[in-house]
Amino acid sequence: MNAEHPASAPVAALRAPFRLDGRVALVTGSARGLGFEMAKALALAGARVAINGRDTGRLAAAAQALTASTGGEVEALAFDVADRAAASAAMEGLHARHGRLDILVNNVGARDRRALKDFTAEDAERLLATDLLAPMLLARQAAGYMVAQGHGRLITVTSIAGQVANRNDPVYTAAKAGLAGLMRAMAVDYARDGVTSNAIAPGMFATETNQGLVDDAAFSAFVDVRVPLGRWGRPHEIGAAAVFLASDEASFVNGHVLVVDGGQTVRM
Ligand SMILES: NC(=O)c1ccc[n+]([C@@H]2O[C@H](COP(=O)([O-])OP(=O)(O)OC[C@H]3O[C@@H](n4cnc5c(N)ncnc54)[C@H](OP(=O)(O)O)[C@@H]3O)[C@@H](O)[C@H]2O)c1
């Protein structure tokens, strides 16, 4: 008997799962670090990918490197996510050029580690503008396109810092927890329009930004003890999480926070 169960996935899809051919994606903050790796993974899965950053030279070089290494279609879209007019116009242009936007990976996240008492209201406002309001407005705009086309994947990069707190990191922690809440809220509001909303919460990754800590023997010894896998995450290890959440195979995954931390947050 070879008839498929009516509720099961088509065999062809399971033979080559997680393909994103024909999909259009925007990954913010992707000239380097985790954003770069997620853009790479999405392009390798077949998506047309727009990468983003503020430094146009570095962004162009990253787009060139990604095109060469993936053989995919990768374009550079320079804007500051906190510049509302520029961000909105860039996304509008991307949508107009391709006639669709299927995947938004809201990845930019700035950090300013100091005690809450040392933040002025303006400092906090500035950080929240980049870390919370900007991804919220980008997700809202993207959701508009996605509802119209009846398909979409909103993915927001939070942090394990949105779930467990570090000392002297209050505004970033609040923003990341807020983003997880935003994805839950959008998961409820947009699901019936074909749009899923999920988060990826990375643990400690050996990105360029963390190089100082990676080189710090005492800190790396701490990572060894705290992370059950006994090491830093390798930046490329984030890519598959984005591809999975962006894929058709993740069609029933909605409102989830996918923790990618080597087990750090489940350790006693
Ligand atoms: N690395 C980790 O271990 C870790 C752990 C937990 C969570 N995360 C989260 O993962 C995300 C990526 O982290 P990462 O360490 O990979 O970052 P990163 O290496 O610092 O990458 C930053 C990227 O974002 C761009 N960027 C920064 N501010 C921007 C802005 N306002 N508008 C547009 N682009 C901007 C940068 O390019 P330009 O400088 O040219 O703008 C660069 O391409 C963040 O949300 C972070 O909170 C990271």
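Scroll up a little and you will see the structure.
Cut-off values and rules
- Residues numbered from 1 in each chain as written.
- Predicted model: local features only at pLDDT ≥ 70, side-chain atom pairs only at ≥ 80, totals over all residues.
- Heavy atoms only, no water.
- Near = heavy atom within 4 Å.
- Polar contact = N/O pair within 3.5 Å; in protein donor to acceptor, adjacent residues only side chain to side chain.
- Areas by Shrake-Rupley, 256 points an atom, 1.4 Å probe, with all protein chains shown as cover.
- Helix = DSSP H or I, 4+ residues; strand = E, 2+ residues; numbered from the N terminus.
- Nonpolar A, V, L, I, M, F, W, Y, C, P; charged D, E, K, R; others polar.
- Salt bridge = Lys/Arg side-chain N within 4 Å of Asp/Glu carboxyl O.
- Buried < 20%, exposed > 50% of the residue type's maximum accessible area, 1.4 Å probe, protein only.
- Core = buried A, V, L, I, M, F, W, Y, C linked by side-chain atoms within 4.5 Å.
- Contact = heavy atoms within 4.5 Å.
- Pairing = 2+ DSSP bridges.
- Right-handed = clockwise from strand over helix to strand, strands pointing away.
- Axes fitted to C-alpha atoms, helices over the stretch in contact; angles between N-to-C directions.
- Parallel < 35°, antiparallel > 145°, perpendicular 65-115°, else oblique.
- Left-handed = near helix turned anticlockwise from the far one by under 90°.
- Phe/Tyr/Trp six-rings, centres within 6.5 Å; stacked < 30°, edge-to-face > 60°.
- Lys NZ or Arg CZ within 6 Å of the ring centre and 35° of its normal.

Observations concerning the site of the ligand
Now for step 1: In the vicinity of the ligand there are 29 residues, among which L34, R54, N107, Y172 and T209 approach most closely.
Now for step 2: One nitrogen or oxygen atom from the main chain of F205 is found 2.8 Å from an oxygen atom belonging to the ligand.
Now for step 3: In the complex, the protein chains occlude 91% of the 890 Å² of accessible area that the ligand would expose alone.
Now for step 4: Counting only elements with at least two residues in the shell around the ligand, the list comes to α2 (33-44), β2 (48-53) and α6 (170-190).
Now for step 5: Residues of the shell around the ligand, tallied by class, amount to ten nonpolar, 13 polar and six charged.

A look at the pattern of salt bridges
Now for step 1: For the structure on display, the rule yields eleven salt bridges.
Now for step 2: The partner of D123 in a salt bridge is R126, with the nearest N and O atoms 2.9 Å apart. One end of the pair, D123, and the other, R126, are both in helix α5 (residues 121-149), three residues apart, so they sit about a helical turn from each other.
Now for step 3: Here D123 falls in the buried class, since its relative accessible area comes to 16%.
Now for step 4: Here the salt bridges share partners, and the residues they tie into one network are R23, R100, D102 and D248.

What about the nonpolar core?
Now for step 1: Of all hydrophobic cores here, the largest spans 33 residues; its most connected members are L20, M38, L42, V49, I51, V105 and I200.
Now for step 2: With seven residues, α2 is the largest single contributor of residues to this core.
Now for step 3: Excluding anything up to four places from it in sequence, I51 contacts V27, S30, A39, L59, A62, A63, L66, V74, E75, A76 and L77.
Now for step 4: Counting residues in hydrophobic clusters, the runner-up holds 29 residues, among them L26, M146, A180 and A199.

Focus: the pairing of strand β6 (residues 195-202)
Now for step 1: For β6, the tally of buried residues reaches eight of eight residues, placing the bulk of the element in the interior.
Now for step 2: Of the two faces of β6, the one lined by V195, S197, A199 and A201 and the one lined by T196, N198, I200 and P202 are each fully buried.
Now for step 3: Bridging between strand β5 (residues 152-157) and β6 involves six bridges; their strand directions are parallel. Its bridge partner being in β6, L154 is matched across the sheet by S197.
Now for step 4: Each parallel crossover has a hand, and for β5 linked through α6 to β6 it is right-handed.
Now for step 5: Relative to strand β7 (residues 257-260), β6 runs parallel, the two being bridged by four bridges. Within β7, the residue paired with A201 across the bridge is V259.

A closer look at the packing of α2 against helix α9 (residues 239-246)
Now for step 1: At their nearest, the axes of α2 and α9 sit 8 Å apart, and the two run at 50° to each other. Viewed along their axes, α2 and α9 adopt a mutual orientation that is oblique. α2 and α9 meet at a crossing whose hand is right-handed. Contact with α2, carried on its side by E37, M38, A41 and L42, involves G239, A242, V243 and A246 of α9 and no other residues of that element.
Now for step 2: When grouped by side-chain class, the residues that make up the contact of α2 with α9 number six nonpolar, one polar and one charged.

Section: the packing of helix α4 (residues 84-98) against α5
Now for step 1: One way to put it is that α4 packs onto α5 with a least axis distance of 11 Å and a crossing angle of 25°. In terms of axis orientation, α4 runs roughly parallel to α5. Note that α4 runs across α5; the crossing there is right-handed. Contacts between α4 and α5 involve R84, A87, S88, M91, E92 and H95 on the former and, on the latter, L133, L137, L138, Q141, A142 and Y145.
Now for step 2: Class assignment for the residues of the contact of α4 with α5 results in seven nonpolar, three polar and two charged.

Points about the packing of aromatic side chains
Now for step 1: Within this structure, the stated rule accounts for three aromatic pairs.
Now for step 2: Seen from their ring centres, F18 and F244 are 6.0 Å apart, and the 75° between their planes marks the pair as edge-to-face. You can see F18 sitting in the loop between α1 (11-15) and β1 (24-27) and its partner F244 sitting in helix α9, a full 226 residues away along the chain.
Now for step 3: Note on F18: relative accessible area 35%, which makes it partly exposed.
Now for step 4: A centroid spacing of 5.8 Å and a plane angle of 35° characterise the contact between F219 and W232, whose relative ring orientation is tilted. Highlighted residues: F219 in helix α8 (residues 217-226) and W232 in the loop between α8 and α9, separated in sequence by 13 residues.
Now for step 5: Here a set of aromatic residues connected by ring pairs shows up, and it is made of F219, F222 and W232.
Now for step 6: Directly above the ring of F119 sits R114, whose terminal nitrogen or CZ lies 4.5 Å from the centroid.

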